[in-house]
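# Coordinate analysis (summary)
Spelled out from the first residue to the last, the chains are:
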Amino acid sequence: MIDANQSLDLAKAMSLAEAAVDMNIRCFEDPIHHQHYDGYQILKQKTGIALTMGERKFDTLPLRELSKMNAIDYWQPDLLRIGAVGKWRKSAVLADSFHTRVLPHYYKNYDASLLQKLRCLTIMHYTKWYRSGVF
């Protein structure tokens, strides 16, 4: 997985996605601005790389729209932004209804318990954060 943190325009995201596919990288997180739905659809259709987004969303409207467009493969809800556990789980059930997998955002201490009983889990996101002074 690579994460562009919404830093690319569509042309640069296409170029990077094509290179990533050639290197057997299978997933691209937040390649372009989170409101550029058409760009997500184009990027997925033209490159075939799996796309993930959702960490900056406060509701499920984007999930509905992107899933209807077949523009994402993974929904990545953020526990705090989406509105706590109940809304997070509802968004995961909605994702499952569209056959969109859930990739929790960031909170590794909560991810396993949140994902219990969900059919749509594929992977859990884990980042090892480095302590200052290590380098």
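Residues numbered from 1 in each chain as written. Predicted model: local features only at pLDDT ≥ 70, side-chain atom pairs only at ≥ 80, totals over all residues. Heavy atoms only, no water.

## Quick word on the overall build of the protein chain
On a plain count of helices and strands, the protein chain comes out with six helices and five strands. Counting from the amino terminus, helix and strand elements in the protein chain follow one another as β-α-β-α-β-α-β-α-α-β-α. Counting the 135 residues in the protein chain, one finds 44% classified as buried. Across the protein chain, every contact between residues at least 6 apart in sequence was considered, and the portion connecting residues at least 24 apart equals 55%. Carbon and sulfur atoms provide 52% of the accessible area of the protein chain, an area that totals close to 8,000 Å². (Helix = DSSP H or I, 4+ residues; strand = E, 2+ residues; numbered from the N terminus. Buried < 20%, exposed > 50% of the residue type's maximum accessible area, 1.4 Å probe, protein only. Contact = heavy atoms within 4.5 Å. Areas by Shrake-Rupley, 256 points an atom, 1.4 Å probe, with all protein chains shown as cover.)

## Some details on the side chain of Asp78
Position of Asp78 among the secondary structure elements: in the loop between β4 (74–75) and α4 (79–82). A distance of 3.1 Å separates a polar side-chain atom of Asp78 from the backbone nitrogen of Arg81. (Polar contact = N/O pair within 3.5 Å; in protein donor to acceptor, adjacent residues only side chain to side chain.)

## As for the pattern of salt bridges
In total, this model carries two salt bridges according to the counting rule given. Where Lys44 meets Asp73, a salt bridge forms, and the shortest distance between an N and an O atom there is 3.1 Å. Taken together, the positions of Lys44 in helix α2 (residues 37–47) and Asp73 in the loop between α3 (61–68) and β4 put the pair 29 residues apart, joining distant regions of the chain. Owing to a relative accessible area of 15%, Lys44 belongs among the buried residues under this scheme. For Asp73, a relative accessible area of 22% corresponds to the partly exposed category. Arg81 is the partner of Asp78 in a salt bridge, and the nearest nitrogen-oxygen pair spans 3.8 Å. (Salt bridge = Lys/Arg side-chain N within 4 Å of Asp/Glu carboxyl O.)

## Let's talk about the sheet that holds strand β5 (residues 101–102)
Within the open sheet, the five strands sit side by side as β1-β2-β3-β4-β5. Their pairing is parallel. In the strand order of this sheet, the two ends are held by β1 (2–3) and β5, each with one partner. In this sheet, β4 lies alongside strand β3 (residues 50–53) in parallel orientation, the contact comprising two bridges. Across the sheet, Met53 pairs through a bridge with Trp75, a residue of β4. (Pairing = 2+ DSSP bridges.)

## Considering the nonpolar core
Grouped together as the largest cluster of nonpolar side chains are 27 residues, with contacts concentrated most on Phe28, Tyr40, Ile72 and Trp75. What Trp75 contacts, discounting residues up to four positions off in sequence, is Met53, Gly54, Lys57, Asp59, Leu63, Ile82, Ser91, Ala95, Thr100, Arg101, Val102 and Leu103. (Core = buried A, V, L, I, M, F, W, Y, C linked by side-chain atoms within 4.5 Å.)

## Digging into α3
Restricting attention to buried positions, one finds in α3 the residues Pro62, Leu63, Leu66 and Ser67. Angularly, the buried residues of α3 cover 120° about the axis, an arc narrow enough to put them on a single face. Those residues of α3 hidden inside the fold are in contact with α2, β3, β4 and α5 (84–97). At the C-terminal side of α3, Asn70 shows a positive phi close to 55°. (Arc of directions from axis to C-beta.)

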